[in-house]
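Each chain, written out:
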Amino acid sequence: MEKICVAVRVRPPICHENSSSTFWRVDDNQISLHKLHGSPISCVSYAFDHVFDENCSNSDIYELLTKDIIHAAVDGFNGTSFAYGQTSSGKTFTMNGSSNDPGIIHRAVNDIFQKINIISDREFLIRVSYMEIYNEEINDLFAVENQKLQIHENLERGIFVAGLREEIVNNAEQVMKLLESGEVNRHFGETNMNARSSRSHTIFRVVIESKGKDTGSFGDYSSSDAIRVSVLNLVDLAGSERIAKTGTGGVRLKEGKYINKSLMVLGNVINKLSDSAKQRAHIPYRDSKLTRILQPALGGNAKTSIICTVAPEEIHIEETKGTLLFASRAKRVTNCAQVNEVLTDAALLKRQKLEIEELRRKLQGSHAEVLEQEILKLRNDMLQYELEREKLEMELEKERRSHKERDRYIRDQLMMIENLSSLVSDGDGSSSQGSMKESPIEECNNRGDDFKTPCFRAAPKAFVAKRSNYSQLPDLSPLPDSFSDVADEDTWFKINKGYIADLDSLQTTPARKVQSFPPEDVTPNYLNKKYKTELQNLKRRLELVTEEKNELQRKLAEDIEVKDRLKGDISKLKQEALLAREMPQRLCDSVTSFKDTYEEVLSKMQRYTFDGKSSTAKLLRCICEIGSILFSTMETSISNTTDRHKLSSGNDSLIQEYNKMLSEKLKSTITSLILSETASSEDKQTKTPCSCNFEVAAWSRYHVSILVLFFVMILGYFVSFFRTLIF
Ligand code: ADP
Ligand code: MG
């Protein structure tokens, strides 16, 4: 058991604030907050394995913190080194470095190849991969097409990322080139605090396999043919960030939330691991992909170092305190690192051994450098085939699992149907209950076939681990596919204040799909009762629904009746409208025939007048004219009504003109009648007082005029009646 090695690095200040009242002071392996005049602020002092001040270089850090882990990895121990800290505190600078001061990754790679070149009694196979965790998705930085990769675990390989491209490498230069190509694919973004802020966690992974050179053939498992396989993770975390400070929005905000959330899960894992063994309960590795991948490095089979980077500026004081708290808790975490030796085909080196030997034989006497390249190429091709095979195996496994799931589902459904039908027929459900209980056992048996137990040799030394000691079968909830419930700024506070989040409320781990079996303490009788009440409830609801349906049907019949009635009314109205439309035409015809009759009557009457100049003749003429005017007025009114759209002011004025003419005509007729009457009475006095003819004529004249006036009145009344009727 050994503690995680924790160091703090203070980055040089970016801007020298004049107004700052406090500063961080580094003394040996301690860091404390001081007031400007020099007195320390109590309770803000921390001690770690190493504390590096702003003048230290990446080389110092590598030598003191990481070198041992790298050397141990070459010897067969798993190793992990990661940088943790707020945005812009110098994590990427520490891991990647600059051209003047290469970072930990570059130094480690150089060191690995230097060391394996010195070790003459073992042969090595080194392969590297580079991945990033961006918004809780694992992407391959060596192959952009490999996105959203999944994490798997088995006894032979432990926890691994399926489908991740691995490249076999022969020297440090090759690795540097690969790293450069991978860097291009990494997610960066600009924030207020860092123009090139890493928006993802990156894991550079080196798998080192080695085997003693003096061993026998690979065909038989002799005492010294074990292969050491160690995994080295060099991790550059994305920085925890306060959204308000980094000034991020949109995509950056979303990224920030994911970053904060996964760092919070990392903090929670560290918190749980730092508790005493007794208090340790469930370690939430599966709550984020980062902690799941780093599981062996966190409290497992690995040598781990953490470099916590802090910014010295006073404005970052809260973040720095948060990082130091995280570092303090990490200091209490213990790991149990052991050399990993395997005898199974899981070691690539073993599988490739014969091929390489054959190639070597072929290459003897040829130009060594060119041929070494060829070997490397062939090795890489083989590795790619292996990966392909692995992918296919995964898919097959997935298929198999989904098939099983489907079968189980169908079985469940059948059981349910059986249960329900037995309930309906008032039968006993206990038999099906029994069959239901069998399923989980079956499931367990099936699951037992999923993995093959590898063949381990006896431990040559006490510290040598059998592969899989740390990698137990999945005992926890499955890894969430996505972080749907991303953290906000509160999360940041929780990370930095050492708050241990209630993981149940995080909702990051979806519950494993469980069989819908009744709980064990539920008896068949209880079930029977429950189903019966449910059945009764359903029946009651059915009755209600039927009633509602009947009511609706009745309403529908009523509606249909009303509709029919309305239809009848509409057709009647249509007929009436048709009649009304024809009415003006009919009236027009009647008026025309009436006019003809009128003119005929008057012409006949005129024939009885003896003299065209007599007052009777005049009267008749006037009446004829008045009548014509009246008829014309009527005709005009009717034709206006026939086509209302064509009604114009011109036609109205015509009617008014007719009216005027009519009243003038009436007036002149009356005047002429009065005049002729006066003249006749004078004649009567001067001439013969009693002339028979004359009297007859006068009598007839009076009566005709009264008749005509009466006739004209009727006609006028008739016209006005028609007008009101039409309009
Ligand atoms: P992070 O990865 O933590 O967000 P970076 O490593 O990108 O931060 O650092 C932010 C800036 O500070 C970069 O420009 C980097 O060069 C500079 N920087 C960080 N640490 C140091 C250091 N120890 N010495 C010199 N420059 C540094
Ligand atoms: Mg960075």
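Just so it is clear, the structure is predicted and the values come from calculations on it, not from any experiment.

1. Considering the overall build of the protein
Along the backbone of the protein there are 16 helices and 20 strands. Considering the protein as a whole, with its 727 residues, one finds that 44% of them fall into the buried category. Long-range contacts, defined here as pairs at least 24 residues apart, represent 75% of the contacts in the protein between residues at least 6 apart. Of the accessible surface of the protein, which amounts to about 40,000 Å², a share of 55% is contributed by carbon and sulfur atoms.

2. What to know about the site of ligand 1
Surrounding ligand 1, one finds twelve residues, the nearest of these being S88, G90, K91, T92 and F93. Take R9: an N or O atom from its side chain is 3.4 Å from a nitrogen atom of ligand 1. In this structure, S89 approaches ligand 1 through a main-chain N or O atom, which is 3.2 Å from an oxygen atom. Taking 550 Å² as the accessible area of ligand 1 by itself, protein coverage stands at 72%. Counting residues per element, the shell around ligand 1 draws most heavily on helix α2 (residues 91–96), which supplies three residues. Along the lines of polarity and charge, the residues of the shell around ligand 1 split into two nonpolar, seven polar and three charged.

3. Re helix α3 (residues 104–118)
Here α3 is 15 residues long and its end C-alpha atoms lie 21 Å apart, about the 21 Å a rise of 1.5 Å per residue gives. When α3 is considered as a whole, its buried residues turn out to be I104, I105, A108, V109, D111, I112, F113, K115 and I116.

4. What to know about the environment of H37
By the element assignment, H37 lies in the loop between β4 (30–35) and β5 (40–47). The class for H37 is exposed, based on a relative accessible area of 66%.

5. Regarding the pattern of salt bridges
In total, this model carries 22 salt bridges according to the counting rule given. Across the pair E397 and R401 runs a salt bridge, and its minimum N-O distance is 3.6 Å. Of this pair, E397 and R401 both sit in helix α10 (residues 368–424), four residues apart, which is roughly one turn of that helix. We classify E397 as buried; its relative accessible area is 18%. If you follow the salt bridges from partner to partner, you end up with R127, E166 and E209 in one network.

6. Notes on empty space enclosed by the protein
One pass over the structure, following the stated rule, counts eight cavities of 30 Å³ or more. Here the second largest cavity defines a volume of roughly 60 Å³. Considering the residues around the second largest cavity, the lining is formed by eleven residues, among which I133, N135, H201, Y258 and I259 are closest to the centre. Counting residues per element, the ones that place at least two in the lining of the second largest cavity are β8 (122–134) and α6 (250–274). Counting residues per element, the lining of the second largest cavity draws most heavily on α6, at four residues. Grouping the amino acids of the lining of the second largest cavity by side-chain chemistry returns four nonpolar, four polar and three charged.

7. Side note on the pairing of strand β9 (residues 137–140)
Pairing of β8 with β9 involves four bridges; the strand directions are antiparallel. Within β9, the position partnered with M131 by the bridge is D140. As consecutive antiparallel partners, β8 and β9 are separated by two residues, and within that stretch N135 has a phi angle of approximately 50 degrees, a positive value.

8. Describing the packing of α3 against helix α4 (residues 172–184)
Two measures define how a pair of helices packs: the angle their axes make with one another and the distance between the axes. Where α3 meets α4, the closest approach of the two axes is 9 Å, and the angle between their N-to-C directions is 155 degrees. Relative to α4, the element α3 lies roughly antiparallel. For the crossing formed where α3 meets α4, the hand is right-handed. Residues I105, H106, V109, N110 and F113 of α3 form the contact with α4, whose participating residues are A172, V175, M176 and L179.

9. So, the packing of helix α1 (residues 58–74) against α3
Put simply, α1 and α3 touch, their axes get as near as 9 Å, and they point 45 degrees apart. The angle between α1 and α3 falls in the class oblique. In this structure, α1 crosses over α3, and the sense of that crossing is right-handed. Contact with α1, carried on its side by N58, S59, I61, Y62, T66, K67, I70, H71 and V74, involves I104, R107, A108, D111, I112, K115 and I116 of α3 and no other residues of that element. Split into classes, the residues belonging to the contact of α1 with α3 amount to eight nonpolar, four polar and four charged.

10. A word on the nonpolar core
Judged by nonpolar contacts, the single largest core of 47 residues is most densely connected at V8, I31, F48, L266 and L298. Among the elements that line this core, the one with the most residues is α6, at seven residues. Sequence-distant contacts of V8, that is, excluding residues within four places in its chain, are made with I31, F48, H50, V51, F52, I307, C308, V310, L324 and A327. Residues A7, A108, V169 and V206 belong to the second largest nonpolar core, which totals 38 residues.

11. Looking at unusual backbone geometry
Across residues other than glycine, the phi torsion is negative in most instances, and most of the peptide bonds are trans. The phi dihedral of N135 falls on the positive side, at around 50 degrees, and the residue is not glycine. By secondary structure assignment, the location of N135 is in the loop between β8 and β9. The exposure class assigned to N135 is buried, which follows from its relative accessible area of 16%. In this model, E136 sits at a positive phi of 60 degrees, which is unusual for a non-glycine residue. Tracing the backbone through its elements, the reader meets E136 in the loop between β8 and β9.

12. A closer look at the confidence of the model for the protein
Of all residues in the protein, 65% have pLDDT values of 70 or greater, and the mean over the chain is 74. In the predicted structure, residues 427–487 sits below a pLDDT of 50 and forms 128 contacts with residues beyond four places in sequence or in another chain. A low-confidence stretch, residues 645–649 (pLDDT under 50), is modelled with two contacts involving residues beyond four sequence positions or located in other chains.

13. Description of a nonpolar patch on the surface
A contiguous nonpolar surface patch, about 430 Å² in accessible area, is contributed by Y409, I410, L414 and I417. Within the secondary structure, L414 is located in helix α10.

Procedures and definitions
All chains use their own residue numbering, which begins from 1 and follows the written sequence. Here the convention is simple: chains get letters from A, ligands get numbers from 1, in the order in which they are written. Reporting of local features is limited, given that this is a predicted model, to residues whose pLDDT is at least 70; pairs of side-chain atoms are given and counted only at 80 or more, and all residues count toward the totals for whole chains, interfaces and linings. With hydrogens and water stripped out, all remaining heavy atoms of the structure feed into the side-chain values. A run of DSSP states H or I qualifies as a helix once it reaches four residues; a run of E qualifies as a strand once it reaches two. Both are numbered from the N-terminal end. Only protein chains enter the area calculation, which uses a 1.4 Å probe; residues under 20% of their type maximum are buried, those over 50% are exposed, and those in between are partly exposed. Contact definition: two residues touch when any of their heavy atoms are within 4.5 Å. Surface accessibility in these figures is a Shrake-Rupley result with a 1.4 Å probe; residues are shielded only by whichever protein chains are displayed. The near set for a molecule or strand comprises every residue that places at least one heavy atom within 4 Å of it. What qualifies as a polar contact is a pair of N or O atoms within 3.5 Å, subject to a donor-acceptor requirement within protein and to the restriction that residues adjacent in sequence count only when both atoms come from side chains. Charged residues are taken to be Asp, Glu, Lys and Arg, nonpolar residues to be Ala, Val, Leu, Ile, Met, Phe, Trp, Tyr, Cys and Pro, and polar residues to be all remaining types, Gly included. Take the residue count of a helix, subtract one, and multiply by 1.5 Å to get its expected span. When a carboxyl oxygen of Asp or Glu is within 4 Å of a side-chain nitrogen of Lys or Arg, the pair counts as a salt bridge. Site definitions follow a grid-based scheme: protein atoms alone, a 1 Å grid, a 1.4 Å probe that fits but cannot get out for cavities, and for pockets an open set with protein on both sides within 12 Å along at least five of seven lines, plus lining residues having an atom within 4 Å of a point. Grid points are joined across faces, edges and corners, and a volume is the space filled by probe spheres set on the points. A pair of strands is treated as paired once DSSP finds two or more bridges between them. Here the axes come from fitting lines to C-alpha atoms, over the contacting stretch only for helices, and the angles between their N-to-C directions go from 0 to 180 degrees. Note on angle classes: values under 35 degrees are labelled roughly parallel, values over 145 roughly antiparallel, values of 65 to 115 roughly perpendicular, and the remainder oblique. Crossings are classed by handedness, with left-handed meaning an anticlockwise turn of the near helix from the far one by less than a right angle and right-handed meaning a clockwise turn. Working definition of a nonpolar core: buried Ala, Val, Leu, Ile, Met, Phe, Trp, Tyr and Cys residues. They are joined through side-chain atoms within 4.5 Å. Known as pLDDT, the predictor's confidence for each residue is given on a scale from 0 to 100. Put simply, a patch holds well-exposed residues, over 30% relative accessible area, that have no salt bridge, with like charges counted together within 9 Å and Val, Leu, Ile, Met, Phe, Trp or Tyr side chains within 5 Å.

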